[in-house]
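Secondary and tertiary structure notes
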Amino acid sequence: ADYLRGRYQAQIPTFLTLQWPPPPTRRVFNLAMIRGQTMRYGIDEEMVRLMLRGRVSDVLVQNTSVKLEDIFQTDSAKRRVILIEGAPGSGKSTLAWHVCQKWGSGELFREFKAVVFVQLRDPAIQSARSVEDLLPAESRGQAVRVGQEFQACRGQGVLWVMDGWDELPSCLNESTFHRLKVLFRLNKPLSRRGSIFHRLIVSPETENLHLSTVVITSRPIASGDLHPVVSSRVEILGFTQTEVKGYFTEAVGGDTQTLQKLQDQLRERPVIEAS
């Protein structure tokens, strides 16, 4: 745990640069998030168009706002598998890393004894075949020992943060998704042949990690097959209007006239404003 905490405090992930947030400011913004509760039923052309746009809120009938510290709260009796969705660039990876940093600093999520960040776009991660392959460690021996410790407690107190489900190659999705459908149709356990990512999410008992918690980030268009095992869905809407105004105010040096002109232009171009 100490090794992981140190990594999250010292390391800057590849998807964040030294200039993040980008000039003209270094402020850390709050992301607007909602918890989905009720979705529209039925598939039609409008539903498909909205899903391709990449925002869950477009197809939700009912939702509530959620704070970062509350994302693990759920009324579901299922194992905690939290799906965080959002359009490209909305801040999913930033949020995933932020969860790790908050745990590493001891500010939030103290219920977890270990938090493991898994960046699914990483080719080295995509070649993983076991839990040990996913663990950041100083040596293979250390990874094996930590993996055994996780399994000994059945994953109790372990949080897996799996970032970029939509960035997994199709070869890691299609065959296991088929077995997932068979599982829920025939009530049969999944084979161990599925990828380690699917085993951690869908059949953690095969790895003796069924008490662990999982956070997954993805674009909505790629996450539909996970819904049967998800206990809670959260969407990132991007920065709040207050944060956007604060950013632009700083960008224009407090010039209220220029700020008003910029806001008017954005309102006239809803496609740009929404992105």
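Quick note: structure is the one above.
Residues numbered from 1 in each chain as written. Predicted model: local features only at pLDDT ≥ 70, side-chain atom pairs only at ≥ 80, totals over all residues. Heavy atoms only, no water.

Attention shifts here to the packing of helix α1 (residues 2–10) against helix α3 (residues 92–105). Contact pair α1 / α3: the axes reach a minimum separation of 8 Å and the direction vectors enclose 120°. The pairing of α1 with α3 is recorded here as oblique in orientation. When you trace α1 past α3, the crossing you get is left-handed. Counted together, Leu4, Arg5, Arg7, Tyr8 and Gln9 of α1 and Trp97, Cys100, Gln101, Trp103, Gly104 and Ser105 of α3 form the full contact between these two elements. Here the contact of α1 with α3 is built from residues that sort into 5 nonpolar, 4 polar and 2 charged. (Axes fitted to C-alpha atoms, helices over the stretch in contact; angles between N-to-C directions. Helix = DSSP H or I, 4+ residues; strand = E, 2+ residues; numbered from the N terminus. Parallel < 35°, antiparallel > 145°, perpendicular 65-115°, else oblique. Left-handed = near helix turned anticlockwise from the far one by under 90°. Contact = heavy atoms within 4.5 Å. Nonpolar A, V, L, I, M, F, W, Y, C, P; charged D, E, K, R; others polar.)

This paragraph deals with the environment of Pro136. Positionally, Pro136 belongs in the loop between α5 (131–134) and α6 (140–152). Placed 20 residues apart in sequence, Pro136 and Val116 show a C-alpha to C-alpha distance of 7.8 Å. Beyond its immediate sequence surroundings of up to four residues, Pro136 is in contact with Tyr3, Leu4, Arg7 and Val116.

This part covers the environment of Arg5. Tracing the backbone through its elements, the reader meets Arg5 in helix α1. Here Arg5 falls in the partly exposed class, since its relative accessible area comes to 26%. Residues Arg5 and Ser105, spaced 100 residues apart in sequence, show a C-alpha to C-alpha distance of 7.0 Å. Those residues within four positions of Arg5 in sequence are excluded, and the remaining contacts are Trp103, Gly104, Gly106 and Phe112. (Buried < 20%, exposed > 50% of the residue type's maximum accessible area, 1.4 Å probe, protein only.)

Bringing the packing of aromatic side chains into the picture now. Tallying each qualifying case throughout the model produces 6 aromatic pairs. Residues Tyr8 and Trp103 carry aromatic rings whose centres are separated by 6.1 Å and whose planes lie at 70° to one another, so their mutual orientation is edge-to-face. Within this pair, whereas Tyr8 is found in helix α1, its partner Trp103 is found in helix α3, the two being separated by 95 residues in sequence. Trp103 matches Tyr8 in its accessibility class, with the two residues each being buried. Put simply, the rings of Tyr8, Trp97, Trp103 and Phe117 touch in pairs and so form one group of aromatic residues. One residue, Arg5, lies across the ring of Trp103, its end atom 4.1 Å from the ring centre. (Phe/Tyr/Trp six-rings, centres within 6.5 Å; stacked < 30°, edge-to-face > 60°. Lys NZ or Arg CZ within 6 Å of the ring centre and 35° of its normal.)

Further remarks concern the pairing of strand β5 (residues 158–163). Across the 6 residues of β5, 6 count as buried, placing the element largely inside the fold. Neither face of β5 is exposed, since Val158, Trp160 and Met162 on one face and Leu159, Val161 and Asp163 on the opposite face are all buried. The pairing of strand β4 (residues 114–119) with β5 spans 6 bridges and is classified as parallel. Paired with Val118 across the two strands is Met162, which belongs to β5. (Pairing = 2+ DSSP bridges.)

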